[in-house]
Amino acid sequence: MLKDRLKTQIRANGPLTLADFMGQALMDPREGYYARRPVFGAKGDFITAPEISQMFGELIGIWIASAWMSAGRPDPFQIVELGPGRGTLMADLLRATQSVAGLHEAADLIFVEQSAALQSLQAEAVANASLPVRWCTSVADVPDRPTALIANEFFDALPIRQAIFDGQKWAERMVGLNEAGELAFGLLPVADLAPWLAGLPPPKAGDILEFSPQVMSAAQGVSRLIGDHGFAALIIDYGHDKRGYGETLQAVRNHASTDVLRDPGLADVTAHVDFALLRAIGQNAGLKALPPVGQGPFLLALGLLERAGRLGAGKSKEAQNALHAEVERLAGPDQMGALFKVLALTTKGLVVPGFDGA
Ligand code: SAH
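The sections below set out a description of the structure shown in this document. This one's a predicted model, so the numbers in the text were calculated from it and none came from an experiment.

Attention now moves to the overall build of the protein chain. What the protein chain contains, in helices and strands, is 14 helices and 17 strands. Compactness check: the protein chain gives a C-alpha radius of gyration of 21 Å against a globular reference of 21 Å for 358 residues, within 12% of the reference. Along the three orthogonal principal directions, the C-alpha set of the protein chain runs to about 65 × 45 × 35 Å. Per-residue burial over the protein chain gives 54% buried out of 358 residues. Considering only contacts in the protein chain between residues 6 or more positions apart, those separated by 24 or more positions represent 76%. When the accessible surface of the protein chain is totalled, it reaches about 15,600 Å², and 52% of it is carbon and sulfur. The average position of the 31 basic charges and that of the 39 acidic charges among the side chains of the protein chain differ by 1 Å.

This is the structure in structure tokens:
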């Protein structure tokens, strides 16, 4: 079992950083959470927006089509998706953009995915598409070309590290073994945190800092790609737009929260995304990055209600109620509408829909 392999590693080599633990729990090729063909649906541990409703991917398709037109219809270009899960969003996006003259003809499709099990589900999802499809395992390997990029619930799955301030100094939270030989948190001295503390207020005893070299390098990769070759990236996730201290790491199994160390490989482990950091990285690369907007206002501005109305026209009362429930889940402020945020990083001068209120 993965848990036993982690214990053996710790016995042999000492404690793991939280990022090492999280990376293996999610991405171990045999027993990692994303190697086990998780169902991101009602029957899985959690449900994502594209699995809630086809309207989500369709509206993102409309966004990408508008960005492509505003960028002057680059040809060739690539549609890149980070962490595509079951490929549902892309299937809906491609269907919604089929009638945009020239778009599919100009585009290649690039999926950034490490899980072999999910790669094969993604291949099935877009099997009917006329676009050439290929896979990369990291953002750094994506070809150099004008790009429309989408990442939905990708950054929250990237491994994070944590440090704790005791009033005098910072220590890193590590995953080691307790006296009973079970996985347990401990503390070790931490290397220089100065770059991660820039712009934050002085810490108080008990403050926790979350930091993620993986998030940093993925965000830099995205920003460099768009900065060097143009045009737009859309990043959707749950998280915060104010830098600060605090712990957001969580594990979810069967729609209920569970202990992070209890079931490595069997529970989804995520952390809130630091949108302020992503935005700053984009701006450093010369991109336009407006403050993120809530998923609710974003989808409404793109025509969620109109789309639901068209899909429901002439349908049964049940079908219309189901669509109404989908709209609520995606956009309701007490559901995904406010917690989930949408950040666009674009070439300067590009005009994209959905950010009017920003
Ligand atoms: N976007 C999908 C799935 C979100 S789950 C949806 O909204 O339904 C996170 C996705 O990111 C999975 O496809 C997972 O395999 C992938 N992923 C996580 N960490 C990754 C990494 N380091 N490199 C590449 N893909 C990763």
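Next comes the rest of the account.
All chains considered together, the criterion is met by 10 aromatic pairs. Their ring planes at 50° and their centres at 5.6 Å tell us that Phe 77 and Phe 231 sit as a pair that is tilted. A residue pair is termed long-range when its members are at least 10 positions apart, and Phe 77 in strand β2 (residues 77-82) and Phe 231 in strand β10 (residues 231-240) qualify at 154 residues. Phe 231 carries the same exposure label as Phe 77, and that label is buried. With a centroid separation of 5.1 Å and an interplanar angle of 50°, the aromatic rings of Phe 165 and Trp 170 are classed as tilted.

Moving on, we come to the sheet that holds strand β11 (residues 250-253). Judged by pairing direction, the sheet is antiparallel, and its three strands sit side by side in the order β12-β11-β13 without closing on themselves. Every other strand in the sheet has two partners, leaving β12 (256-258) and β13 (268-270) as the edge strands with one partner each. Averaged over neighbouring strand pairs, the angle between their axes works out to 40° when direction is ignored.

What follows is about the packing of helix α4 (residues 54-70) against helix α5 (residues 88-97). Running from N to C, α4 and α5 cross one another at 55°; their axes reach a closest spacing of 7 Å. Relative to α5, the element α4 is oriented oblique. Read as a crossing pair, α4 and α5 show a hand that is right-handed. Listed contacts from α5 to Gln 54, Phe 56, Gly 57, Glu 58, Ile 60, Gly 61, Ile 64 and Ala 65 of α4 are Leu 89, Asp 92, Leu 93, Arg 95, Ala 96 and Thr 97.

Attention shifts here to the site of the ligand. Around the ligand sit 18 residues in total, of which Met 27, Thr 48, Gly 83, Glu 113 and Asn 152 are the nearest. Between Glu 113 and the ligand, the recorded distance is 2.5 Å, taken from a side-chain N or O atom to an oxygen atom. Between the ligand and Asn 152 there is a distance of 2.8 Å, counted from an oxygen atom to a side-chain nitrogen or oxygen. In isolation the ligand has 570 Å² of accessible area, and contact with the protein removes 95% of it. When each cavity is represented as a set of grid points, the ligand is found to reside in the largest pocket. Here the shell around the ligand is composed, by residue class, of 10 nonpolar, six polar and two charged.

What follows is about the packing of helix α12 (residues 304-312) against helix α13 (residues 317-331). Close contact between α12 and α13 brings their axes to 9 Å; oriented N to C, the two are set at 160°. When the axes of α12 and α13 are compared, the pair comes out roughly antiparallel. In this structure, α12 crosses over α13, and the sense of that crossing is right-handed. Residues Leu 304, Leu 305, Ala 308, Leu 311 and Gly 312 of α12 form the contact with α13, whose own contacting residues are Gln 320, Leu 323, Val 327, Leu 330 and Ala 331.

On to the pairing of strand β9 (residues 208-211), then. Of the two faces of β9, both are covered, the one formed by Ile 208 and Glu 210 as well as the one formed by Leu 209 and Phe 211. Pairing geometry for strand β6 (residues 161-165) and β9, over four bridges, is antiparallel. Pairing of Arg 161 across the sheet is with Phe 211, part of β9.

What counts, and at which threshold
Residues numbered from 1 in each chain as written. Predicted model: local features only at pLDDT ≥ 70, side-chain atom pairs only at ≥ 80, totals over all residues. Heavy atoms only, no water. Helix = DSSP H or I, 4+ residues; strand = E, 2+ residues; numbered from the N terminus. Rg over C-alpha atoms; globule rule 2.2 N^0.38 Å. Buried < 20%, exposed > 50% of the residue type's maximum accessible area, 1.4 Å probe, protein only. Contact = heavy atoms within 4.5 Å. Areas by Shrake-Rupley, 256 points an atom, 1.4 Å probe, with all protein chains shown as cover. Lys, Arg positive; Asp, Glu negative; His and termini not counted. Charge placed at Lys NZ, Arg CZ, Asp CG, Glu CD. Phe/Tyr/Trp six-rings, centres within 6.5 Å; stacked < 30°, edge-to-face > 60°. Pairing = 2+ DSSP bridges. Axes fitted to C-alpha atoms, helices over the stretch in contact; angles between N-to-C directions. Parallel < 35°, antiparallel > 145°, perpendicular 65-115°, else oblique. Left-handed = near helix turned anticlockwise from the far one by under 90°. Near = heavy atom within 4 Å. Polar contact = N/O pair within 3.5 Å; in protein donor to acceptor, adjacent residues only side chain to side chain. 1 Å grid on protein atoms, 1.4 Å probe; cavity = no way out; pocket = protein on both sides within 12 Å on 5 of 7 lines; lining within 4 Å. Sits in = over half its atoms within 2 Å of the grid points. Nonpolar A, V, L, I, M, F, W, Y, C, P; charged D, E, K, R; others polar.

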